[in-house]
Structures are given as structure tokens and as C-alpha cells.
Amino acid sequence: MADHTLNENTPAPTDSTSTAVDAEQTRPRNENLESDSGSTVIDDNVVGKIAGIAAREVSGVYNLGGGAARMWGAVRESLTSSTNVQQGVNVAVEDGHTSVAVAIIAEYGVAIHELANAIRENVTVALTRMTGLIVDRVDVTVHDVHLPEQEDESDNEDAAFQSNNQALGQ
């Protein structure tokens, strides 16, 4: 018999049945969405909306999204007068499982690590309850901290923006 030595960069020989069995073992089947009578597919947009709303519900979250996302969100809101609840949320849905990434602006004074855990918990509970998806992970990125004195500045900027629009007849 030939001696087959494998180094760490050489994949071990496998057949297609062992690969399928390995995939089944690493990612359990989601019985909430698959049955003998059919399957349920939930679009990424649905998951993103639910995750965005759940993240905003957590006390200590000032806003969602990084700088560019918030800027475009403000422009979109001024033009359409609607809020994009998915702003700052990215999701991946596959085989009844989902992973979520949430970008936030935290209120000054909150414990950020506790805030991130509360966001993870609220997003996971909301998604599991409403969709039946298995939530593999919820990653939270804190882009900024909102300071109380920034509130006054943003109110003044909003008032100036609105008066400019009114002067232009918009």
C-alpha cells in the first residue's frame, strides 16, 4: 500500500457523500421553514427590516448606520419623507439560517459592551420569533457616540434646511 501523507495545505480526499454529510452536521436543518408539504423562503429585505427595527428599539441606540449611510438616509428622508429601517443593517440568509451585521451610533454614557449584547439579544429574539430563522450571529459595529450637545446643533441644522426648502418653494 502506498503511504499517503497529507500536509496542512493539502485537502484530504473525500467523496461527495461525506461532504454532504459534513454540511448537514455543521448546519442543522431548519424545521421551522422546511416541511414535507413545502418550504418557506424569507427574503433578505424582510430580515433586514426586522433586524433594523429591533436594533432601534434598544435603549442607548441613537441611530443606525455609519457616516455615509446616515448622510444618504437624511437625503432620502428629505425627498421621500420616509425612514429606511434597514439603514446600517446587512443580512445574509441561507438555508434557514441568518447572520446580521448592525452599525450603530451609541448615546453618550451607555456601556457599549452591554448595548451590543442587548442589540444581539433583541435582534435574535425578534428574528427567531417572527421568521423562524436560526440566527447564527449578530455583529455590532459602533461607528460613533452621540453627544448631548450635538442634539442642539443638529436641531439648528434641520431648521435651517427646512427654511431653505420653504424659501425655494419645496
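Values in this document were obtained by computation on a predicted structure and should not be read as measured data.

Conventions and cut-offs
Residues numbered from 1 in each chain as written. Predicted model: local features only at pLDDT ≥ 70, side-chain atom pairs only at ≥ 80, totals over all residues. Heavy atoms only, no water. Helix = DSSP H or I, 4+ residues; strand = E, 2+ residues; numbered from the N terminus. Buried < 20%, exposed > 50% of the residue type's maximum accessible area, 1.4 Å probe, protein only. Contact = heavy atoms within 4.5 Å. Areas by Shrake-Rupley, 256 points an atom, 1.4 Å probe, with all protein chains shown as cover. Pairing = 2+ DSSP bridges. pLDDT = per-residue confidence, 0-100.

S.K.: Explain the overall build of the protein to me, using residue names and the numbers behind them.
M.R.: Along its length, the protein carries five helices and six strands. When burial is assessed residue by residue, the protein has 26% of its 170 residues classed as buried. The long-range fraction of contacts in the protein, counting pairs at least 24 apart against all pairs at least 6 apart in sequence, stands at 74%. Here the protein displays about 11500 Å² of accessible surface, and carbon together with sulfur accounts for 49% of that area.

S.K.: So what's going on with the pairing of strand β4 (residues 89–94)? Residues and values would help.
M.R.: The sheet contact formed by β4 and strand β5 (residues 97–107) spans six bridges and is antiparallel. In the strand pairing of β5, N90 is matched with A101.

S.K.: Please provide a residue-by-residue account of the confidence of the model for the protein, values included.
M.R.: For the protein, the mean per-residue pLDDT works out to 79, and 62% of the residues sit at or above 70. By mean pLDDT, the top-scoring element of the protein is helix α4 (residues 112–131) (98), and the lowest-scoring one is helix α1 (residues 16–26) (53). For the stretch residues 4–11, pLDDT sits under 50, and the model shows three contacts to residues farther than four places along the chain or on other chains.

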